[in-house]
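The chain contents come next:
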Amino acid sequence: MQSSNRLNVADYYHINNEISDTSSFQDITKKILSPLAQLVGGETSLFVMLKKTDNGMRAYNLISSSIDYEASLSYVENFQSSDPALPYVFNAAKVNYKRGISKSISVALENIIDFKKFSRGKYYNEFLRPNSIRHLMVVGIPSVTDNSLVYALGFHRYSNNAFKKADARISSYFGPMLSNALHNLELKTQLSDHNIIVSYLKKQIYNMGLVILDNNLEVIFASSAGQKHLQINHDS
């Protein structure tokens, strides 16, 4: 597979097929992060969900590849609020998607910051520099159904070899497939949550009883527990 700056047809179809085979969030490292990191020359990579609320934006459900667990935990707990790439990617991805420009956006960190000012900050000196991360590229993929959610893929280089525009352009080619794959995972999660809720409610109704009355306060339906509670004849 190509290391960076080029994309041939075989690589394109191979990675598209890998992404399309993503059937759970547990597949993201193998099916999405690893092949894309190898393609763009990222030495480590991660996946996060960016959720915007009234209290600001938070990254959660972090999945990483070749990143130390303690570093990942430290990022989520202490440094994500100082990461300038997250709000930029979130907003730019939403704007592009709303305008129908693209289903993803790819940017290199150094292209959206004033490095002289950035290098004096907490995020650079207490996280990136101690972890030897010199260059960062982020891909943002907006949720199709949730306007407050953007998926983000981060790729890092430890060597002094900056991500180029060609790397960002190459990663953007996979926007449509990434959007489809992540949308399917989102729907699966929602369906699973729905089934859990329905199962719980059925159990609660069975245990606690359900009685439905009409406008005249006549019983028109009662579950077994409800019938027992109200001493209703089961044949009624």
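Please refer to the structure higher up on the page.
Residues numbered from 1 in each chain as written. Predicted model: local features only at pLDDT ≥ 70, side-chain atom pairs only at ≥ 80, totals over all residues. Heavy atoms only, no water.

Student: How should the layout of surface pockets be read in this particular structure?
Tutor: Regions of empty space are outlined by a rolling probe, equal in size to a water molecule, passed over the atoms. Taken as a whole, the largest pocket encloses approximately 260 Å³ of empty space. Taken together, 22 residues form the lining of the largest pocket, with L46, I67, Y75, F127 and H156 sitting closest to its centre. Secondary structure elements with two or more residues in the lining of the largest pocket: β1 (44-53), α3 (69-79), α6 (122-128), β4 (135-142) and β5 (149-157). Tallying contributions element by element places β5 first for the lining of the largest pocket, with four residues. Classifying every residue of the lining of the largest pocket gives 15 nonpolar, five polar and two charged. Counted as a void, the second largest pocket has a volume near 180 Å³. Going through the elements one at a time, α5 (115-118), α6 and β4 are the ones with two or more residues in the lining of the second largest pocket. Classifying every residue of the lining of the second largest pocket by side-chain character gives eight nonpolar, two polar and two charged. (1 Å grid on protein atoms, 1.4 Å probe; cavity = no way out; pocket = protein on both sides within 12 Å on 5 of 7 lines; lining within 4 Å. Points joined across faces, edges and corners; volume = space filled by probe spheres on them. Helix = DSSP H or I, 4+ residues; strand = E, 2+ residues; numbered from the N terminus. Nonpolar A, V, L, I, M, F, W, Y, C, P; charged D, E, K, R; others polar.)

Student: I'm lost on the packing of aromatic side chains in this one. Help?
Tutor: In the structure shown here, the tally under the stated rule is 11 aromatic pairs. Relative to Y13, the ring of Y12 has its centre 5.5 Å away and its plane inclined at 75°; by these criteria the two rings are edge-to-face. Since its relative accessible area comes to 27%, Y12 is described here as partly exposed. Here the aromatic rings of F47 and Y151 are separated by 5.9 Å at their centres, their planes lie at 20°, and the arrangement is stacked. Here Y151 lies in strand β5 and F47 lies in strand β1, a separation of 104 residues in the sequence. By relative accessible area, which is 2% here, Y151 ends up buried. Put simply, the rings of Y75, F79, F115, F118, Y123, Y124 and F127 pair up and form one aromatic cluster. One cation-aromatic arrangement involves R157 over F163; the distance from NZ or CZ to the ring centre is 4.0 Å. (Phe/Tyr/Trp six-rings, centres within 6.5 Å; stacked < 30°, edge-to-face > 60°. Buried < 20%, exposed > 50% of the residue type's maximum accessible area, 1.4 Å probe, protein only. Lys NZ or Arg CZ within 6 Å of the ring centre and 35° of its normal.)

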